[in-house]
Amino acid sequence: PADLLDADFYAFQHQLTPAEQGALRGIREFLETEVRPFADDHWERAESPRHLIPRIAELGLYANAFPETAQFENSSVFRGWVALEISRADPSTATFIGVHSGLAMTSIHVGGSEEQKAEWLPCLAAGELVAAFGLTEPGHGSDTAKGLETTAERRGDEWVLNGAKRWIGNGAFADLVVIWARDVADDQVKGFLVRTPSIGFTATKIERKQSLRAVENADIVLEDVVVPESDRLQRIDGFRDVAVVLRLTRADVAWQALGVAVGAYESALAYAKNRMQFGKPIASFQLVQEKLSTALSNITASIALCMRVSQMQDEGIQRDHHSAMSKAFVTARMRETVALCREICGGNGIQLGSESQIPGDVPPGYSIARYFADAEAVFTFEGTYDMNALIVGRAITGIPAFV
Ligand code: FAD
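What comes next concerns the included structure. Residue numbers restart at each chain and count upward from 1, following the sequence in its written direction. Local features in a predicted model are, by the rule used here, given only for residues with pLDDT of at least 70; side-chain atom pairs are given and counted only at 80 or more, and totals for whole chains, interfaces and linings are based on all residues.

**Details of the pairing of strand 4 (residues 176-183)**
A residue is called partly exposed when the number of other C-beta atoms within 10 Å of its own lies between 12 and 20, exposed at 12 or fewer, and buried at 20 or more, with C-beta atoms placed from the backbone. We count a stretch as a helix when DSSP gives it H or I for four or more residues in a row; a strand needs E for two or more, and each element gets its number in order from the N terminus. In terms of residue burial, strand 4 counts as a mostly covered element, since seven of its eight residues are buried. Should DSSP find at least two bridges between two strands, the strands are regarded as paired. Sheet topology note: the strand 1 (residues 131-134)/strand 4 ladder contains four bridges and is parallel. Its bridge partner being in strand 4, glycine 134 is matched across the sheet by isoleucine 179. Summarising the sheet, strand 2 (residues 151-155) and strand 4 pair through two bridges and their orientation is parallel. Across the sheet, the residue bridging to threonine 151 is arginine 182, located in strand 4. In the sheet, strand 4 pairs with strand 5 (residues 189-195) via seven bridges, with the strands oriented antiparallel. Considered in strand 5, the bridge of tryptophan 180 is made with glycine 191. Hairpin connection, strand 4 to strand 5: the antiparallel pair is bridged by five residues, and aspartate 187 has positive phi, about 70°.

**A word on the site of the ligand**
As a rule, any residue with its backbone-derived C-beta atom within 6 Å of a molecule or strand is reported as near that molecule or strand. Taken together, 22 residues are adjacent to the ligand, and Leu135, Gly141, Ser142, Gly169 and Asp386 come closest. Those elements that place two or more of their residues in the shell around the ligand are strand 1, strand 3 (158-169), helix 10 (368-380) and helix 11 (385-397). Counting residues per element, the shell around the ligand draws most heavily on strand 3, which supplies three residues. The class makeup of the residues in the shell around the ligand is 11 nonpolar, nine polar and two charged. Under the convention adopted here, Pro, Cys and the residues Ala, Val, Leu, Ile, Met, Phe, Trp and Tyr are nonpolar, Asp, Glu, Lys and Arg are charged, and Gly plus all remaining residues are polar.

**So, unusual backbone geometry**
Note the cis peptide between threonine 196 and proline 197, where omega equals -5°. Mapped onto the elements of the fold, proline 197 is located in the loop between strand 5 and strand 6 (201-205). In this structure, asparagine 170 is a non-glycine residue whose phi angle is positive, near 65°. Structurally, the position occupied by asparagine 170 is in the loop between strand 3 and strand 4. A tally of 28 C-beta atoms within 10 Å means that asparagine 170 is categorised as buried. Residue aspartate 224 is not a glycine yet carries a positive backbone phi of 50°. Locating aspartate 224 in the fold gives a position in strand 7 (residues 217-228).

Structure below.
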């Protein structure tokens, strides 16, 4: 079996195949050497680690979810563990991949024609181009299904897009943006592959973010952007197809949230064993042990939930409310966990890592502060906690509370 994470308390990873375990070990080594040590610096500079794009492609991490591009046969559970591992080292890098591969490539896989899949999936899997996913708007976040205002008007063999998008991950430098817009003729939401640069398309990086700082989000404006009919996602018929994409990706975000919690837990545990107060390591105090126990219990329950939701995806029985419950529950447990872990680290829990050799300073990549701040965006994107809870509430009662 793969070297288990200490945080995998119930040895869930034993359920992966030997090939999956081997791949996971290689990915972990890459993350520990090439990602984690530099994560704090990228976070502080608010810059995506773009030099990693080809390395991530070599490891197959954009490609794994799609039979057309996967390097080897793998399960949703395996891909969940990969998301956990990446986020455990750096939630911003996990989000970069989640947007490029999870949201954008899944949109093309779910909604594209065979020609569109053949044109885009291989080069996106190879990291030759970067993709983004433009759904949220300045005036519409939780209510995009009903409220989405960006328009698409057909003129012969072309469409003309007008509107604005907000918070678009990777949007500041993406080569391709999946734009969701409402057809003025039939009022249905359709998907468009907008290549950048395009006349009338502008993307402005959102500055001064305090969460997932190494993800470059953008405000996008579309002014009479012309898109050929051949770049409209041919198998998208309305918002219900966007919901299919979100059902798949929300389950991934739950795994990503687990990685944030595991990263924080591991940092706090190491810190608690080393930090001396009252002449003893703080790990020896009952109140600190209770916090660590709560953190590990949150992680363990969340792994069980994520594993089952991913299995249901492979069994073809995952419904919207299943992934909504995992996203809501796991992000809530993550938020509690990172707060407990930050508390354990005292004052050092609000600092990024540093290269200094000063005893007690936080080493690079082990900053609780980064996980603590990043947890807030993960709690909110791909449906806030509230909206995902209400999707579950609708399944329980049969009554939609948010339309
Ligand atoms: P709002 O919808 O305004 O919600 C504000 C509050 O009101 C929330 O607490 C919400 O739960 C609550 N609320 C709203 N309606 C109800 C209701 N009916 N009942 C109860 N409570 C309600 N979007 C993209 O399209 N592409 C991306 O790549 C992308 N990346 C992102 C990355 C980051 C770092 C962030 C922060 C956001 C990103 N988003 C992206 C946008 C994200 O999906 C939205 O922020 C999210 O859906 C919430 O929308 P909002 O921010 O407009 O909040």
